[in-house]
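Chain residues, written in single-letter form:
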Amino acid sequence: MPSPQNPQKITALAISYNEEENVSRYVQSLSFADEIIFVDSFSKDNTVEIATQLGVKVIQRKFDNFSNQRNFAIEQANNDWVVFFDLDEIISKELENEIIQTANHPKDLVAFYVKRNFILFDKHLKHGGFQNDKAIRLFNKKYCTYNGNLVHEEITTIGKVSILKNSSDHYSYKNLNHYCSKLNHYSHLQAIKLHHKKECPTIYHFIIRPSYRFVWQYIFRMGFLDGKEGFISAQINSFFVFKRYLNLWMMNKNSQSRE
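On a predicted model such as this, the values are computed, not experimentally measured, just so you know.

**Things to note about the overall build of the chain**
Secondary structure summary: the chain contains seven helices and twelve strands in total. Compactness check: the chain gives a C-alpha radius of gyration of 20 Å against a globular reference of 18 Å for 259 residues, within 12% of the reference. Dimensions along the principal axes, computed over C-alpha positions, put the chain at roughly 65 × 45 × 35 Å. When each of the 259 residues of the chain is scored for burial, the buried share is 48%. Once local pairs closer than 6 in sequence are excluded, the contacts in the chain between residues at least 24 apart make up 74%. Distance between charge centres in the chain, computed from 32 positive and 27 negative side chains, equals 6 Å.

**Points about the packing of aromatic side chains**
Overall, the coordinates contain 13 aromatic pairs when judged by the stated rule. A centroid spacing of 6.2 Å and a plane angle of 40° characterise the contact between W81 and F112, whose relative ring orientation is tilted. Here W81, found in strand β4 (residues 81–84), pairs with F112, found in strand β6 (residues 109–120); they are 31 residues apart in sequence, far enough to count as distant. The exposure class assigned to W81 is buried, which follows from its relative accessible area of 4%. The structure contains a cluster of three or more aromatic residues connected by ring pairs, namely F214, Y218, F224 and F231.

**As for the environment of Y173**
By secondary structure assignment, the location of Y173 is in strand β12 (residues 168–173). Since its relative accessible area comes to 17%, Y173 is described here as buried. In this structure the C-alpha to C-alpha distance between Y173 and S233, which are 60 residues apart in sequence, comes to 9.9 Å.

**Concerning the packing of helix α6 (residues 203–220) against helix α7 (residues 227–258)**
In the contact formed by α6 and α7, the axes pass within 8 Å of each other and the chain directions differ by 155°. The angle between the axes of α6 and α7 places the two elements in the roughly antiparallel class. Relative to α7, α6 is oriented so that their crossing is right-handed. Grouping the constituent residues of the contact of α6 with α7 by class yields eleven nonpolar, eight polar and three charged.

**Let's talk about unusual backbone geometry**
Its identity as a non-glycine residue notwithstanding, K107 has a phi of 60°, on the positive side. For K107, the position within the fold is in the loop between α4 (93–104) and β6. Phi is positive for K198, close to 60°, though the residue is something other than glycine. For K198, the position within the fold is in the loop between α5 (176–196) and α6.

Parameters and conventions
Residues numbered from 1 in each chain as written. Predicted model: local features only at pLDDT ≥ 70, side-chain atom pairs only at ≥ 80, totals over all residues. Heavy atoms only, no water. Helix = DSSP H or I, 4+ residues; strand = E, 2+ residues; numbered from the N terminus. Rg over C-alpha atoms; globule rule 2.2 N^0.38 Å. Buried < 20%, exposed > 50% of the residue type's maximum accessible area, 1.4 Å probe, protein only. Contact = heavy atoms within 4.5 Å. Lys, Arg positive; Asp, Glu negative; His and termini not counted. Charge placed at Lys NZ, Arg CZ, Asp CG, Glu CD. Phe/Tyr/Trp six-rings, centres within 6.5 Å; stacked < 30°, edge-to-face > 60°. Axes fitted to C-alpha atoms, helices over the stretch in contact; angles between N-to-C directions. Parallel < 35°, antiparallel > 145°, perpendicular 65-115°, else oblique. Left-handed = near helix turned anticlockwise from the far one by under 90°. Nonpolar A, V, L, I, M, F, W, Y, C, P; charged D, E, K, R; others polar.

Here it is in structure tokens:
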């Protein structure tokens with residue numbers, strides 16, 4: 001166990017692509033880390049330049065999927081204890097202190113969830129399913145790896161997992177253009193996954209699935225209590241489902257034309 005004179009060293013990791021707006025804030029909120037490493041997917045904006053100027057170690061790697069990208073980042077860490085937040089998350093001082101204390105006194109635990117406050121257009125959404133949002137953000141790399149999911153990757157742990165008391169603010173969508181960029185990326189990856197499974201979309205996937213997603217989030221999970229932002233969020237996620245199957249349909253069509 002680390003002593004007060006020799007506290008546990010922590011590595012902060014992130015994967016990045018065109019995140020110039022978030023880099024400075026992210027680095028500042030993780031200034032307690034002993035090293036900060038970005039695995040960058042060849043950003044076309046100033047992400048790499050800004051990060052490098054702030055003392056971040058940047059390693060560029062072509063993106064294939066989120067799990068591989070994250071596992072590669074873990075391999076670069078010089079310390080066993082790692083924090084792995086997204087660049088659109090904000091770490092409060094309270095969460096910082098809890099992370100440091102936990103890393104120095106983990107007991108028999110190897111990973112910790114952090115609850116996330118989902119912020120959409122500057123409003124914290126407290127319903128629609130977002131109230132249960134959490135992800136493993138602090139862990140010992142010797143016992144944890146990301147699984148092989150193309151999207152929505154999760155950590156597989158060998159050992160006990162707990163949850164921290166303090167939460168992070170998750171600014172997933174800053175504006176409509178930012179949302180559209182994320183939507184296109186995620187829907188494309190989801191479609192690739194379904195295409196590999198040889199699934200074929202039908203009218204059910206184009207009409208029923210998106211409609212159900214909206215009703216589930218806005219009505220059953222009470223997203224309507226978040227006002228217009230709750231409605232927008234439900235519409236966004238509904239369209240996300242539609243876009244996924246539209247991409248799949250186009251992939252299948254292109255494959256058939258090549259046969």
